[in-house]
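The lines below spell out each chain.
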Amino acid sequence: MGRFLNKGNGKFAELAASKYFVDKSGLINKLLEKDGTEKFICNSRARRFGKSVTADMLVAYFSKGADSRELFALLNCEKNKLFVENMNQYDTIFMDIQAQFVQAKMKKLEPNNYVHKLLLQELRTEYPEIVSEEDTIADALSNIYNNIQNQFVIIFDEWDYPIRELEEGCQERTDYIEFLRGLFKNSDAKEYVRLAYLTGIMPVVRTKGQSAVNNFVEYTMTNPMDLAQEIGFTEGEVQSLCEKFGVDFDQMKEWYNGYNLNGIAMYNPLSVVRALSAKRFQQYWTTTGTYGDIDDLINMNFDGLREDIIKMLSGNRILVEVDNGINDLQTFENKGQVITALIHLGYCAYDADTQEAYIPNKEIHAVFYQSVKNSKNDGMLRFIKLSETILENIMAGSGEQVARLMQIVHNDFTSSIEYNDENSLSCTIMIALISAFTYYHQPIREFPCGKGFADIVYLPLPHHPNRPVIVVELKWDKSVDTAIAQIKERQYPESLHGYAGEILLVGIDYDKKTKEHLCKIETFV
């Protein structure tokens, strides 16, 4: 058992014994069923989605020299003939690329040479009569296969670290790309590789000759195909955990749900587990990362990027082209590539059916909002301040001030939104009230109450019980009095009394001729 070669099943056995363990062993069955043209797999997911746990499971299953029968006997994977015949039958190479690059840097060594030397040393120890110190890794694996027909399972975690983090043209990055190309694209690789499984964050995008592994089948946050639910927690799995540990599932769902992979609602496991452990719903994202990713990306000076970020923060969705994405974080050419990168990083979610990006849940909204408040982008900061002022004036019942400030939002920020119906107006209202997320749930459009549907309703969060419910009724070329009258006539307030003691009725009208907003606010107790 080596550091990289045939690590065994100890790490996965420890994880499987955890009280928060969720069984994802069905992935093994799916991988075993792939034919020879599909055995090169790149399965990318956002940070904290359980990629490393999955890699540890594959190491435990494939590693020669380990005995994992009892470990997998307890799991849900199908123990068919194919599963039994392949268990612990392959020399398995596992490497966390990011960890090795960081370690090499700490030792002031060139990372690619460092990785090559360590891995070749283990292969020579295992096969001293076949592998020589002059061999490349690809030569060594090819010689082993040609001599004794041993195939290898190769698993690289954080495989994309050098590509996404190092600048284009950097020698270390170029050398790493050549290492991957030599290992997986040579003529012998199809023979000595039983399975190549790369897991990271960014996809294998073939741009400017940068991809060394274009023979890999890609599974990504935008196109997960049949592996959609194999990394991350499904809603059913999260609900079972909540029942087991006595945690409110509805709050868990609001805080951490929202990723849509092939129509399957997926949760990021790390936040769910921390919420279960602490029995507290909060933002856990920045305990494992920083605001730097968002700040650097949203400060890219691409036309319309700021507006799209604000629209998503307000609860709206935006159309995005994900097919022209890139696989690094340096060479952006347009706002679509930035939004696509945010999807792969997990800061945005993507609906493949509508081709729309959006903020997935309350946790990520909190990350974004705090990032914007800490941002050096003056335009973003001014807008957040303006939104906070609008909310303050709604609380104070100052309809005239709200109308005046709404006009600023529309003129300076959402002038690209052409008002042709109340739906367009509601988009602007949600944008203007971004700051309400601090105290309220995500705004609910067409909320069923009374004898109809309220245009927009803001319900206070449990830890802000003294905040009033806000009911917004929108009109277009009518009057604010008509909006307020409709709220009362359809008895919206009466059906909302269970949410709060006080309800603010907000009527907003947009006059198409004068292009002005009018606002009237009443309090209903």
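Refer to the preceding data block for the structure.
Let me begin by describing the structure that accompanies this report. (Residues numbered from 1 in each chain as written. Predicted model: local features only at pLDDT ≥ 70, side-chain atom pairs only at ≥ 80, totals over all residues. Heavy atoms only, no water.)

1. Some details on the sheet that holds strand β8 (residues 264-267)
Pairing in this open sheet of three strands is antiparallel, and the strands run β6-β8-β7 from one edge to the other. Looking at strand neighbours, the two that pair on one side only are β6 (233-234) and β7 (259-261), the edges of this open sheet. Here two bridges tie β6 to β8, and the two strands are oriented antiparallel to one another. Among the inter-strand pairings, T234 is bridged to a residue of β8, identified as M266. (Pairing = 2+ DSSP bridges. Helix = DSSP H or I, 4+ residues; strand = E, 2+ residues; numbered from the N terminus.)

2. Digging into the pairing of strand β12 (residues 444-449)
Side-chain direction in a regular strand flips from residue to residue, so the side chains alternate between the two faces of the sheet. In this sheet, strand β13 (residues 452-458) lies alongside β12 in antiparallel orientation, the contact comprising five bridges. In the strand pairing of β13, F447 is matched with A454. Between the end of β12 and the start of β13, which pair antiparallel, lie two residues, with G450 showing a positive phi angle near 60 degrees.

3. Side note on the pattern of salt bridges
Side-chain pairing between opposite charges can occur once the charged atoms of the two side chains come close. Overall, the coordinates contain 22 salt bridges when judged by the stated rule. Across the pair R164 and E158 runs a salt bridge, and its minimum N-O distance is 3.3 Å. The same class applies to R164 and to E158, which are both buried. Several salt bridges share partner residues, and in doing so they unite E158, D160, R164 and E165 into one network. (Salt bridge = Lys/Arg side-chain N within 4 Å of Asp/Glu carboxyl O. Buried < 20%, exposed > 50% of the residue type's maximum accessible area, 1.4 Å probe, protein only.)

4. Quick look at the packing of aromatic side chains
Taken as a whole and assessed by the stated rule, the structure comprises 22 aromatic pairs. Ring geometry for F101 and Y161: centres 6.3 Å apart, planes at 75 degrees, overall edge-to-face. Linking F101 in helix α6 (residues 97-106) with Y161 in helix α9 (residues 161-165), this pair joins segments that are 60 residues apart in sequence. The exposure classification of F101 matches that of Y161, with both residues buried. Directly above the ring of W255 sits K362, whose terminal nitrogen or CZ lies 5.9 Å from the centroid. We note R467 situated over the ring of Y439; from NZ or CZ to the ring centre the distance is 3.7 Å. (Phe/Tyr/Trp six-rings, centres within 6.5 Å; stacked < 30°, edge-to-face > 60°. Lys NZ or Arg CZ within 6 Å of the ring centre and 35° of its normal.)

5. Focus: the nonpolar core
Core analysis: the largest hydrophobic core is formed by 103 residues, its most contacted members being F72, I309, I339 and F368. Apart from residues no more than four positions distant in its own chain, F368 is found in contact with I294, I298, I309, L313, L342, Y347, C348 and I359. Counting 43 residues, the second largest nonpolar core, distinct from the first, contains Y127, F179, F184 and A196. (Core = buried A, V, L, I, M, F, W, Y, C linked by side-chain atoms within 4.5 Å. Contact = heavy atoms within 4.5 Å.)

6. Description of empty space enclosed by the protein
Regions of empty space are outlined by a rolling probe, equal in size to a water molecule, passed over the atoms. The final tally for this structure, using the stated rule, is one cavity of 30 Å³ or more. Its volume calculated, the largest cavity comes out at about 30 Å³. Lining the largest cavity, in full, are I390, I394, V402, M406, I429, L433, V506 and I508. Split by residue class, the lining of the largest cavity holds eight nonpolar, no polar and no charged. (1 Å grid on protein atoms, 1.4 Å probe; cavity = no way out; pocket = protein on both sides within 12 Å on 5 of 7 lines; lining within 4 Å. Points joined across faces, edges and corners; volume = space filled by probe spheres on them. Nonpolar A, V, L, I, M, F, W, Y, C, P; charged D, E, K, R; others polar.)

7. Focus on helix α16 (residues 305-313)
Taking burial as the measure, the nine residues of α16 include seven buried ones, the bulk of the element. Among the residues of α16, those classed as buried are L305, D308, I309, I310, K311, M312 and L313. One or two positions beyond α16, positive phi appears at G315, with a value near 105 degrees.

8. A short note on unusual backbone geometry
Although it is not a glycine, N6 adopts a positive phi angle of roughly 55 degrees. Relative to the assigned elements, N6 resides in the segment before α1 (10-16). Classification of N6 by relative accessible area gives buried; the value is 8%. Residue N262 is not a glycine yet carries a positive backbone phi of 55 degrees. As for its placement among the helices and strands, N262 is situated in the loop between β7 and β8. The exposure class assigned to N262 is partly exposed, which follows from its relative accessible area of 44%.

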